[in-house]
Amino acid sequence: MTGAALTVWAIEGLPEFHPGDDLAQLLGDALHGQVQDGDILAVTSKIVSKAEGRIIHATDREEAITAETVRVVATRGSTRIVQNEWGQVMAAAGVDASNAPDGVVLLLPKNPDESARVLCVALRERFGIRIGVLITDTFGRPWREGQTDVAIGAAGLRVVDDLRGTMDAEGRELHVTVAAVGDEIAAAADLVKGKANGTPVAVVRGLARYVTDGIDQVGAQALVRSADTDMFSRGTTEAWDEGYRAGLEAGGGIHS
């Protein structure tokens, strides 16, 4: 019996992307003859941002971070860990100068799930097959060194695999296991995309079981943990302020 296999490769020969480019057309041209039903396309968010014109002058970076922020989670020196409007928590709201022209920085796509949906629709129509699309970005991780790519946008595939209620190999029921499939695929794709070799797109083959017939799923938003289930939802400042206030109230220092 042959075990499950996964194949991942980067797409070569992509051009530099600019505001207004038809991303679906350019990617479709590069993918011709390389994709089959059930493949998943992992697209680095930066080329989506470039095509969508999410570019600002580098001198406006700090203002842009503030504008993209709905909540400051933590700060250390000039580094800000923040939450953006669609719930992602990351450094500098994803505002980044890497792989951007001199003098400018890139913002994340305004709505990564919608960006993924538009790409997915266009590529499925062009090739006549089921293709899943992930928009990926590089995140740091609490309690772990280094960074890895995660899915910030998705269409045409399930990004979580809820195994609760199923049985493990020993016949025990699983109670908490929900696999972050979208993030796992994004990380695998990053191993071949790289950060400095001009290959921002990868194809992942062997996971057709996660690719859906339709494209109306929640998208990568399904990977964002809600505040009511997040044991670490309070930022450092919030936690300190709440603790300080609670201490004052307990000691009679605050009166209504």
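Structure: above.
We now turn to the structure provided with this report.

Cut-offs and rules
- Residues numbered from 1 in each chain as written.
- Predicted model: local features only at pLDDT ≥ 70, side-chain atom pairs only at ≥ 80, totals over all residues.
- Heavy atoms only, no water.
- Helix = DSSP H or I, 4+ residues; strand = E, 2+ residues; numbered from the N terminus.
- Buried < 20%, exposed > 50% of the residue type's maximum accessible area, 1.4 Å probe, protein only.
- Polar contact = N/O pair within 3.5 Å; in protein donor to acceptor, adjacent residues only side chain to side chain.
- Salt bridge = Lys/Arg side-chain N within 4 Å of Asp/Glu carboxyl O.
- Arc of directions from axis to C-beta.
- Contact = heavy atoms within 4.5 Å.
- Core = buried A, V, L, I, M, F, W, Y, C linked by side-chain atoms within 4.5 Å.
- Pairing = 2+ DSSP bridges.
- Axes fitted to C-alpha atoms, helices over the stretch in contact; angles between N-to-C directions.

## Some thoughts on the side chain of T136
Here comes step 1: Along the chain, T136 falls in strand 8 (residues 131-141).
Here comes step 2: A relative accessible area of 0% means that T136 is categorised as buried.
Here comes step 3: Side chain to side chain, T136 and D149 meet in a polar contact 3.3 Å long.
Here comes step 4: Side chain to side chain, T136 and K193 meet in a polar contact 2.7 Å long.

## Description of the pattern of salt bridges
Here comes step 1: This model, assessed by the stated rule, comprises 15 salt bridges.
Here comes step 2: Linking E114 and R117 is a salt bridge whose minimum nitrogen-to-oxygen distance equals 3.0 Å. Residue E114 and its partner R117 are both found in helix 4 (residues 112-127); the two are separated by three residues, about one turn of the helix.
Here comes step 3: Using a relative accessible area of 34% as the deciding quantity, one classes E114 as partly exposed.
Here comes step 4: For R117, a relative accessible area of 33% gives the class partly exposed.

## Examining the environment of G20
Here comes step 1: By the secondary structure assignment, G20 is in the loop between strand 1 (7-10) and helix 1 (23-31).
Here comes step 2: Remark: the alpha-carbon pair of G20 and A51, spanning 31 residues in sequence, is separated by 5.3 Å.

## Comments concerning helix 3 (residues 61-68)
Here comes step 1: The set of residues buried in helix 3 consists of A64, I65 and E68. End-on view of helix 3: buried residues confined to an arc of 100°, all on one side of the axis. For helix 3, the exposed residues set more than 90 degrees away from the buried face come down to E63 and A67.
Here comes step 2: Residues of helix 3 that are buried make contact with strand 3 (55-57) and strand 5 (79-83).

## A short note on the nonpolar core
Here comes step 1: L27 and V43 are the most contacted members of the largest nonpolar core, which totals 33 residues.
Here comes step 2: Of the residues forming this core, the biggest block, five residues, is contributed by helix 1.
Here comes step 3: Among residues more than four places away in sequence, those in contact with V43 are L27, V48, L119, L134, I135, T136, K193, P200 and V201.
Here comes step 4: Among the nonpolar cores identified, the runner-up in size contains 16 residues, and A154, I185, A202 and Y210 belong to it.

## Focus on the pairing of strand 12 (residues 201-205)
Here comes step 1: Across the five residues of strand 12, four count as buried, placing the element largely inside the fold.
Here comes step 2: Note that strand 1 and strand 12 share four bridges and pair antiparallel. When the sheet's bridge partners are listed, W9 is paired in strand 12 with V203.
Here comes step 3: Of the strand pairs in this sheet, strand 2 (residues 39-44) and strand 12 are connected by four bridges, and their pairing is antiparallel. Following the sheet pairing, V43 is matched in strand 12 by V201.

## Some words on the sheet that holds strand 2
Here comes step 1: Spatially, the five strands line up as an open sheet ordered 1-12-2-8-9, and their pairing is mixed. Edge strands, defined here as strands with exactly one partner in the open sheet, are strand 1 and strand 9 (144-155). For this sheet, the mean inter-axis angle between neighbouring strands, taken without regard to orientation, is 30°.

## A look at the sheet that holds strand 6 (residues 89-91)
Here comes step 1: Sheet architecture is open: three strands sit in the order 4-5-6, paired in antiparallel fashion. This sheet does not close on itself; its edge strands, each paired only once, are strand 4 (71-76) and strand 6. Strand after strand, the sheet turns through a mean of 20° between neighbouring axes, direction not considered.
Here comes step 2: Pairing analysis gives five bridges linking strand 4 to strand 5, with the strands arranged antiparallel. Looking across to strand 5, one finds that R71 is bridged to Q83.

## Thoughts on the pairing of strand 2
Here comes step 1: In terms of burial, strand 2 is a largely internal element, six of the six residues being buried.
Here comes step 2: Going residue by residue along strand 2, you find D39, L41 and V43 tucked away on one face and I40, A42 and T44 tucked away on the opposite face as well.
Here comes step 3: For strand 2 and strand 8, the ladder comprises six bridges, and the chain directions are parallel. By the bridge assignment, T44 is partnered in strand 8 with T136.

## Quick word on helix 1
Here comes step 1: Within helix 1, burial applies to L23, A24, L27, G28, A30 and L31. All buried residues of helix 1 fall inside an arc of 165° around its axis, so they share one side.
Here comes step 2: Lining the buried residues of helix 1 we find strand 2, helix 2 (45-51), helix 4 and strand 12.
Here comes step 3: Count one or two residues on from helix 1 and you reach G33, which has phi positive near 80°.

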